[in-house]
Amino acid sequence: MQQELQLNYKVYGDQGFPLVIIHGLFGSLDNWASLAKRFSSHFQVFTIDQRNHGLSPHTSDFTIELLSNDLLHFLQQQQLEQVHLLGHSLGGKTAMNFAIEHPQRVSKMVVADIAPKAYPLHHQLILEALHSLDIGEVSSRKEAESILSMRISEPSTLQFLLKNLTWNSENKLVWKFNLESLTRNIQEVGAAQAGICTVESLFLRGDRSGYIQDSDFESIYNQFPFSEIHTIPQCGHWLHAEQPELFYREVFDFLV
């Protein structure tokens, strides 16, 4: 029997229908602070750290099914019978899996830049860069940035990863995410979601991102027959960070 984890979370607001926001791979609830504050004027917003991320527990096992079960336990712990879900990338995989298995618990769902299909391994360069950093020997964030920048040329990706560095009780830099487990289970991140989901859903994609192709539309509509697919212009995979205003308006208009 799976152990029920106590996920790290943050709540914004105390009124309105609950909205749970789920971050992507190598992310954390901190990535969503600005948008969560905005959404909290209409919803009670819960941001969570998925297992092996942020300040949530580290485990050797890591699958979409486990992340979905973690979400169920979280809702039970918070006594939330039904919620809106917003998940980006890996968080979208978690949301889709959960909505397929527990449709009665999801009022509406927003999936940001990910499809229910299987994805090939494509995080190897990032993992290699992270493993090239001997975290125990690094004495400053600046030093870590210098080493990682030799392998990661995209500034936004580099800064996104550096947000996961923190100082431990021994005044040593450590990763918030569980690099070993994520590396060992990386093939699980792109797993397909099987089944038909009747939850009203919105799929958002960035026009410069390749995660949701035009050729994916038919399978999305087949699996999620009550769904819409919208494209946000001038942004890639991190559409909520690159176009926060457009992203907010799309999500808000759909949820209300």
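Rules behind the numbers
- Residues numbered from 1 in each chain as written.
- Predicted model: local features only at pLDDT ≥ 70, side-chain atom pairs only at ≥ 80, totals over all residues.
- Heavy atoms only, no water.
- Helix = DSSP H or I, 4+ residues; strand = E, 2+ residues; numbered from the N terminus.
- Contact = heavy atoms within 4.5 Å.
- Core = buried A, V, L, I, M, F, W, Y, C linked by side-chain atoms within 4.5 Å.
- Buried < 20%, exposed > 50% of the residue type's maximum accessible area, 1.4 Å probe, protein only.
- Axes fitted to C-alpha atoms, helices over the stretch in contact; angles between N-to-C directions.
- Parallel < 35°, antiparallel > 145°, perpendicular 65-115°, else oblique.
- Left-handed = near helix turned anticlockwise from the far one by under 90°.
- Nonpolar A, V, L, I, M, F, W, Y, C, P; charged D, E, K, R; others polar.
- Expected span 1.5 Å × (residues − 1).
- Salt bridge = Lys/Arg side-chain N within 4 Å of Asp/Glu carboxyl O.
- Pairing = 2+ DSSP bridges.
- Right-handed = clockwise from strand over helix to strand, strands pointing away.
- Arc of directions from axis to C-beta.

**Q** Describe the environment of leucine 75, listing the residues and the values that go with them.
**A** In this structure, leucine 75 sits in helix H2 (residues 64–77). Along the sequence, leucine 75 and valine 20 sit 55 residues apart, while their C-alpha atoms lie 9.2 Å from each other. When neighbours within four sequence positions are excluded, leucine 75 is seen to be in contact with Val20, Leu80, Val83, Phe98 and Arg105.

**Q** Can you explain the nonpolar core? Please cite residues and give values.
**A** Ranked by size, the top nonpolar core spans 32 residues in total, and within it Val20, Leu71, Leu75, Leu85, Met109 and Phe203 carry the most contacts. Tallying contributions element by element places helix H3 (residues 90–101) first for this core, with 5 residues. Excluding anything up to four places from it in sequence, methionine 109 contacts Leu85, Ala95, Met96, Ala99, Val199, Glu200, Ser201, Leu202, Phe224 and Phe254.

**Q** Summarise the packing of H2 against H3; cite the residues concerned and give the values.
**A** Between H2 and H3, whose axes approach to 9 Å, the crossing angle comes to 70°. Comparing the axis directions of H2 and H3 gives the class roughly perpendicular. By crossing handedness, the relation of H2 to H3 is classed as right-handed. Of H3, the residues touching H2 (which contributes Ile64, Glu65, Leu67, Ser68, Asn69, Leu71, Leu72 and Leu75) are Leu90, Lys93, Thr94, Asn97, Phe98 and Glu101. Split into classes, the residues belonging to the contact of H2 with H3 amount to 7 nonpolar, 4 polar and 3 charged.

**Q** Quick rundown of H2? Include the residues and the values.
**A** With 14 residues, H2 should cover 20 Å at 1.5 Å per step; its first-to-last C-alpha distance of 20 Å lies within 8% of that length. Across the 14 residues of H2, 11 count as buried, placing the element largely inside the fold. All buried positions along H2 are accounted for by Ile64, Leu66, Leu67, Ser68, Asn69, Asp70, Leu71, Leu72, His73, Phe74 and Leu75. Elements that come into contact with the buried residues of H2 comprise strand S1 (9–12), strand S2 (17–22), strand S3 (43–48), strand S4 (83–88), H3 and helix H8 (186–189). Glutamine 79, located one to two residues past H2, shows a positive phi value of around 55°.

**Q** Any chance you could break down the packing of helix H5 (residues 141–148) against helix H6 (residues 155–162) for me, citing the residues and the numbers?
**A** Put simply, H5 and H6 touch, their axes get as near as 11 Å, and they point 140° apart. In terms of orientation, H5 and H6 fall into the oblique class. Note that H5 runs across H6; the crossing there is right-handed. Residues Arg141, Ala144, Glu145 and Leu148 of H5 form the contact with H6, whose own contacting residues are Leu158, Gln159 and Leu162. Across the contact of H5 with H6, the residue classes break down as 4 nonpolar, 1 polar and 2 charged.

**Q** Please set out the pattern of salt bridges residue by residue, giving values where relevant.
**A** All chains considered together, the criterion is met by 6 salt bridges. In this structure, the salt-bridge partner of arginine 205 is aspartate 214, at a minimum N-O distance of 2.8 Å.

**Q** Please set out the pairing of S3 residue by residue, giving values where relevant.
**A** Burial of S3 is extensive: 6 of the 6 residues sit out of reach of the surface. Where burial is concerned, the two faces of S3 agree: the one with Phe43, Val45 and Thr47 and the one with Gln44, Phe46 and Ile48 are both buried. With 4 bridges joining them, S1 and S3 adopt antiparallel strand pairing. Paired with valine 11 across the two strands is phenylalanine 46, which belongs to S3. Note that S2 and S3 share 6 bridges and pair parallel. Looking at S3, one finds that isoleucine 21 is bridged to threonine 47. Assessed by its sense of winding, the connection that carries the chain from S2 through helix H1 (residues 33–39) to S3 is right-handed.

**Q** I'd like a description of helix H11 (residues 244–255), backed by residues and values.
**A** Between its first and last C-alpha atoms H11 spans 16 Å; for 12 residues at 1.5 Å apiece the expected length is 16 Å, and the two agree. Turning to H11, its buried residues number three or more, namely Phe247, Tyr248, Val251, Phe252, Phe254 and Leu255. The buried residues of H11 occupy an angular sector of 165° when projected down its axis, which confines them to one face.

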